[in-house]
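# Coordinate analysis (summary)
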Amino acid sequence: AKKLGRNNTQFYEPTMNEEARERLRIESALRNALERREFVLHYQPQVDLQSGRVVGMEALLRWQHPELGMVAPQRFIGLAEETGMIVEIGAWVLRTACAQARQWQDAGHGALRVAVNLSPRQFSEPQLVNAITEVLEHTGLPPACLDIELTEGLFMHDVTQAVELLHKLKSLGLALSIDDFGTGYSSFSYLRHFPIDVLKIDRSFISDINEDDEAAIVVSIIALAHNLKLRVIAEGVETETQVNYLRRHGCDEIQGYYFSRPLPVEEFEQLLRQGRDL
Ligand code: C2E
Ligand code: CA
Ligand code: CA
Ligand code: CA
C-alpha cells in the first residue's frame, strides 16, 4: 500500500507542475494582452419573450493570444482578479462595450441595452463611480442602456458599504443585475438590501426545464422577481422547450445558444441588420 501511495504521488506531481507552469505562462502573457490589443468583446443577444425582439446584449470578454490561441475566460478571469489586472481590463471592457452600444444605437437599432460584468475587485476600487460616469459621458450612451452585472462575491465583505456604493451607481441612472441568481447561499438577503433591477436565473436551473418536468425553482424565481418589480432574464436557454416554458411562465427575456451564441461585432451587426427575431 505504501508503494502504491508513492507511485500515486509520482503520478500526480508532474501534472501539478504543469498546471503551475501553465498558470505562470498565462499570467505573464496576460500582462501584455491589453497593450497588444489581444482582447475583443463578443456580444450575446438578449431577447424579449413577448415581442421576440433583441433588446440588448451581454458583453463577454475574449482573449486571442498569438500562441495560446483563444483563451476561455474561465482560464484567465480568476487570475486577472487575483493579480488585480482585472481593474484595467474591466475598464477597457466597460469603455468598449458602451462605445459599441452607442454606435449601434446611432446606426438606428433602437435603445439597445448592454450588460457588462463587474468583478469583485473592480467593485472595491474607489474610482469605480467616477470611471463609470466618465465612460457614460464620453460615449454618450444613455445611462439607462447600461446594465451592470454583479455576482455574489461582491457582497461578501462590508454590506453597508456595498449598499451605499450600489445606490451611488443607481443614481447615475444605470441598471443593476444579479448574475447567476440562485447559486449563492445568500441570494435572498441581497434582495432585501440592494437596489437591484434585474435577476438573471442561472443556467443550472434552466437546464432543469425539459419535456415532462416542472421546473419549480425557475417558476418561483420568476414569481419572486415580479413580486419585487424586477425584470427577469433566463440564462443558458438552449432548447425550444425551454423557450416555451419560460414564455408560458412570464419570464421577461432569454439569453442562450437557442437564439444565438456570443457573436463577434460584425456578426452581431448582421443579426441586427437582418432584424432577426425569436
Ligand atoms: P457569465 O457572466 O455567467 O456569462 C455567461 C456564460 O455562459 C458565457 O460564458 C456564455 O458564453 C455562456 N453561455 C451563454 N449561453 C449559453 C448556453 O446556452 N449554454 C451554455 N452552456 N453556455 C452559455 P463565457 O463567455 O465563457 O464567460 C464565462 C464567464 O467569464 C462569465 O460567466 C463571466 O463570469 C466571466 N466573464 C466574461 N467576460 C467577462 C468580463 O468582461 N469581465 C468579468 N469580470 N468577467 C467576465
Ligand atoms: Ca454575466
Ligand atoms: Ca451568468
Ligand atoms: Ca456564471
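Conventions used here
- Residues numbered from 1 in each chain as written.
- Chains lettered and ligands numbered in written order.
- Predicted model: local features only at pLDDT ≥ 70, side-chain atom pairs only at ≥ 80, totals over all residues.
- Heavy atoms only, no water.
- Helix = DSSP H or I, 4+ residues; strand = E, 2+ residues; numbered from the N terminus.
- Rg over C-alpha atoms; globule rule 2.2 N^0.38 Å.
- Buried < 20%, exposed > 50% of the residue type's maximum accessible area, 1.4 Å probe, protein only.
- Contact = heavy atoms within 4.5 Å.
- Areas by Shrake-Rupley, 256 points an atom, 1.4 Å probe, with all protein chains shown as cover.
- Near = heavy atom within 4 Å.
- Polar contact = N/O pair within 3.5 Å; in protein donor to acceptor, adjacent residues only side chain to side chain.
- 1 Å grid on protein atoms, 1.4 Å probe; cavity = no way out; pocket = protein on both sides within 12 Å on 5 of 7 lines; lining within 4 Å.
- Sits in = over half its atoms within 2 Å of the grid points.
- Nonpolar A, V, L, I, M, F, W, Y, C, P; charged D, E, K, R; others polar.
- Points joined across faces, edges and corners; volume = space filled by probe spheres on them.
- Donors = N, O, S within 2.8 Å, 3.2 Å for Na, K, Ca; no water.

## Description of the overall build of the protein
Assigned secondary structure in the protein consists of 11 helices and nine strands. Its C-alpha atoms give the protein a radius of gyration of 20 Å, within 12% of the compact-globule value 19 Å for 278 residues. Across its three principal directions, the C-alpha atoms of the protein cover 65 × 50 × 45 Å. For the protein, buried positions account for 45% of its 278 residues. Sequence separation of at least 24 residues holds for 68% of the intrachain contacts in the protein that already meet a minimum separation of 6. When the accessible area of the protein is evaluated, it comes to approximately 14,900 Å², of which 49% is carbon and sulfur surface.

## Remarks on the site of ligand 1
Near ligand 1 there are 21 residues, and of these Gln-44, Arg-62, Asp-179, Glu-238 and Tyr-257 occur at the shortest range. Contact distances for ligand 1 include 3.1 Å between a nitrogen atom and a backbone N or O atom of Leu-61. Side-chain polar atom of Glu-238 to a nitrogen atom of ligand 1: 2.5 Å apart, as the coordinates give it. Placement of ligand 1 is best described as lying within the largest pocket. Broken down by secondary-structure element, the contributors of at least two residues to the shell around ligand 1 are strand 2 (54-65), helix 2 (73-83) and strand 6 (175-181). At four residues, strand 2 tops the list of elements feeding residues into the shell around ligand 1. Considering only residue class, the shell around ligand 1 consists of eight nonpolar, six polar and seven charged.

## Side note on the layout of surface pockets
Taken as a whole, the largest pocket encloses approximately 1,100 Å³ of empty space. Along its surface, the largest pocket is lined by 32 residues, and Glu-58, Leu-60, Gln-74, Asn-117 and Asp-179 are the ones closest to its centre. For the lining of the largest pocket, the elements supplying multiple residues, two or more each, are strand 2, helix 2, helix 3 (85-106), helix 4 (120-123) and strand 6. Considering each element in turn, the lining of the largest pocket owes the most residues, five residues, to strand 2.

## Notes on the coordination of the calcium ion (ligand 2)
For the calcium ion (ligand 2), every protein donor is listed as Glu-58 (OE), Asn-117 (OD1), Glu-149 (OE) and Asp-179 (OD), and the spread of their distances is 2.2 to 2.3 Å. For the calcium ion (ligand 2), the donor residues sit on a single chain with the sequence spacing E-x58-N-x31-E-x29-D. In this structure, the calcium ion (ligand 2) lies 3.9 Å from the calcium ion (ligand 3), and both are coordinated by Asp-179. Note that Glu-58 is positioned in strand 2 and Asp-179 in strand 6, a separation of 121 residues in sequence.

## Some remarks on the coordination of the calcium ion (ligand 4)
Ideal values for angles at a metal depend on the geometry: 109.5 degrees with four tetrahedral donors, 90 or 180 degrees with six octahedral donors. Summarising the metal site, the calcium ion (ligand 4) is bound by the protein donors Asp-180 (OD) and Asp-180 (OD), whose distances to it range over 3.0 Å. Between the two metals, the calcium ion (ligand 4) and the calcium ion (ligand 3), the spacing is 3.7 Å, and Asp-180 donates to both. Here Asp-180 is to be found in strand 6.

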